[in-house]
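Analysis of the macromolecular model
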Amino acid sequence: MTKRTVLAVDIGAESGRVVASHFDGQRLQTEDLHRFPNIPVEVRGTLHWDLLRLWHEIQAGIRLAKGAASIGLDTWGVDFAFLDSAGNLLGNPVHYRDHRTDGMIDYVLSKMPRAEIFARTGIQFMPINSLYQLASLSKNHHPVLEQAASFVAVPDLLYYWLTGVKVNEFSITSTMQLYDPRAGDWAFDLLDAFGLPRRLFGEVTHPGAILGKYGEIPVTLAPHHDTADAVVGVPSITPNYAYISSGTWSLLGVERPEPVINEAALAANITNEGGYGGTFRILKNIMGLWLLQESRRTWASNGEEYSYDKLAALASEAPPFVSLVDPDIDAFLNTGDMPARIRHFCEETDQPIPDSVAAVTRCIFESLAFKYRYVLNLLMGLTGQKIDTLHIVGGGSQNALLCQMAADATGCKVIAGPNEATSLGNAVVQLIALGDLKSVAEGRALIRESFPLVEYEPRHTADWDAVAPRFNKLVERNTR
């Protein structure tokens with residue numbers, strides 16, 4: 001076959017990129033066309049995404065492509081926008097780390113029991129979820145709910161700008177705690193309970209088809225949620241695997257044909273998110289490298305600039321298992337002085353206070369590895385699936401220290417890479433839509449053949465086993 005080029009527009013919480021994937025019938029090659037930061041903007045006390053800037057950068061990246069056969073796009077989850085009856089944007093989308101959701105889980109649970117919400121949606125309770133953002137608008141009688149004609153997730157909005165076609169795509173809709181995976185539609189009784197007009201929520205569309213065109217280039221409806229694309233890009237070779245899409249967040253889970261919604265899943269606070277081909281990602285959101293990203297920003301503001309490689313090198317030389325944190329406490333969610341918050345948590349839990357960059361970074365890496373172990377054990381208990389291989393994809397797959405810690409903590413072989421799994425998964429879906437690939441399995445085999453992977457075997461597992469109960473107590477303290 002002649003070479004086929006598809007473009008993946010992949011926008012994460014920290015940065016975006018336009019990546020060309022070139023397929024010659026046997027191998028994939030990727031080419032970074034354009035990378036750009038994703039910088040939120042605070043206006044009058046509200047934290048917004050700068051969607052117009054992102055749209056400008058997307059178009060700039062597409063213009064650099066030559067001979068593209070298709071475009072696909074994905075972003076982070078849970079955030080959204082409203083359009084008026086003419087299709088115009090009503091206000092800048094608000095960032096999930098904005099404080100408008102403070103206290104909203106308690107407000108929502110005062111009106112509907114936790115068990116009932118989980119039974120309808122199967123989604124992990126997190127204050128960032130769209131349900132709590134929308135509930136805050138309803139509670140405060142925000143006029144946009146009356147003014148709007150349609151509700152779109154952030155990637156739905158960008159697809160609309162690309163093609164002129166409005167959709168509510170399955171994978172991104174399923175992240176919102178507003179979708180009923182067993183009914184295959186919006187949880188309308190939930191919308192009604194919180195005064196959210198049904199007219200705003202359109203038919204849920206599954207990915208995989210050509211949606212329209214941007215100029216002369218076909219636009220493929222790839223999964224809109226970046227984790228859904230990353231899972232397509234996991235180069236698995238065994239059924240007994242779990243994945244971590246490692247970046248600002250660490251999404252740890254398994255892929256299943258059906259959601260797991262029961263009392264045990266509710267108690268574990270796991271999530272069931274939709275994937276390509278009608279699959280479900282049974283996973284848990286872990287705070288991820290956000291703790292390091294925000295620490296790095298704090299150090300930079302104090303005149304101390306550190307590359308990620310330098311931080312890993314410092315952490316590797318620091319003493320092990322001195323101080324640990326549960327990465328998922330609410331205090332770590334918002335922007336601010338992360339090292340100070342970590343020190344405060346350690347002080348509150350009667351641990352040594354990490355007083356250096358190396359100690360804080362070591363604390364973050366070890367805490368993430370222990371949380372991977374904790375969540376992996378939860379998932380194996382819920383699904384009955386034995387896990388012996390852990391695939392780490394995304395930017396965190398390039399962090400050799402964290403990957404080795406993950407192997408040591410979980411006792412699983414870790415296969416790291418590719419770091420661009422999201423854009424590759426996006427490309428695979430486009431190539432299936434174009435008829436160049438037959439299945440996800442064929443796409444995963446293609447990725448294995450095309451990109452180098454690094455394997456980490458477990459070492460020193462007894463040391464991690466000995467400390468794990470101490471970490472588990474910190475998590476249990478957070479969940480009481």
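Notes on the structure in this doc start here. Computed from a prediction, not measured in an experiment: that's the story for all the values here.

Now for the sheet that holds strand β19 (residues 389–393). Reading across from one edge, β17-β18-β16-β15-β19-β20-β21 is the order of the seven strands in this open sheet, with mixed pairing throughout. Edge positions in the sheet fall to β17 (271–274) and β21 (454–456), since each of these pairs with one other strand and no more. Adjacent strand axes in the sheet meet at a mean angle of 30 degrees, parallel and antiparallel pairs treated alike. As paired strands, strand β15 (residues 241–246) and strand β16 (residues 250–256) are joined by four bridges and run antiparallel to one another. Paired with Tyr-243 across the strands is Gly-253, a residue of β16.

On to the pattern of salt bridges. When their charged atoms lie close together, side chains carrying opposite charge are able to pair. Tallied over the full model, the rule gives 19 salt bridges. The closest approach of N and O atoms between Arg-35 and Asp-32, which form a salt bridge, is 2.6 Å. Arg-362 is the salt-bridge partner of Glu-366, the closest N and O atoms lying 2.7 Å from each other. Here Arg-362 and Glu-366 lie together in helix α14 (residues 357–383), a separation of four residues that amounts to about one turn.

The next thing to look at is the side chain of Thr-298. Along the chain, the position of Thr-298 falls in helix α11 (residues 290–301). The class for Thr-298 is buried, based on a relative accessible area of 11%. Leave out the neighbours within four places in its chain, and Thr-298 touches Gly-336, Asp-337, Met-338 and Pro-339.

Soluble globular proteins: nonpolar side chains tend toward being buried together. Within the largest apolar cluster, 166 residues are counted, with the highest numbers of intra-cluster contacts made by Phe-82, Leu-134, Phe-151, Phe-332, Ile-342 and Phe-365. Residue contributions to this core peak at 14 residues, all from α14. Contact partners of Phe-82, with chain neighbours within four places excluded, come to Asn-88, Leu-89, Leu-90, Leu-134, Leu-137, Val-144, Leu-145, Ala-148, Ser-150, Phe-151 and Leu-200.

Along a regular strand, successive side chains alternate from one face of the sheet to the other. The sheet contact formed by strand β2 (residues 15–23) and strand β3 (residues 28–37) spans nine bridges and is antiparallel. Within β3, the position partnered with Phe-23 by the bridge is Leu-28. Hairpin connection of β2 to β3: four residues between the antiparallel strands, including Gly-25 at a positive phi of 100 degrees.

How each quantity is defined
Residues numbered from 1 in each chain as written. Predicted model: local features only at pLDDT ≥ 70, side-chain atom pairs only at ≥ 80, totals over all residues. Heavy atoms only, no water. Pairing = 2+ DSSP bridges. Helix = DSSP H or I, 4+ residues; strand = E, 2+ residues; numbered from the N terminus. Axes fitted to C-alpha atoms, helices over the stretch in contact; angles between N-to-C directions. Salt bridge = Lys/Arg side-chain N within 4 Å of Asp/Glu carboxyl O. Buried < 20%, exposed > 50% of the residue type's maximum accessible area, 1.4 Å probe, protein only. Contact = heavy atoms within 4.5 Å. Core = buried A, V, L, I, M, F, W, Y, C linked by side-chain atoms within 4.5 Å.

So far we have only geometry, and geometry alone does not tell us how the molecule works.
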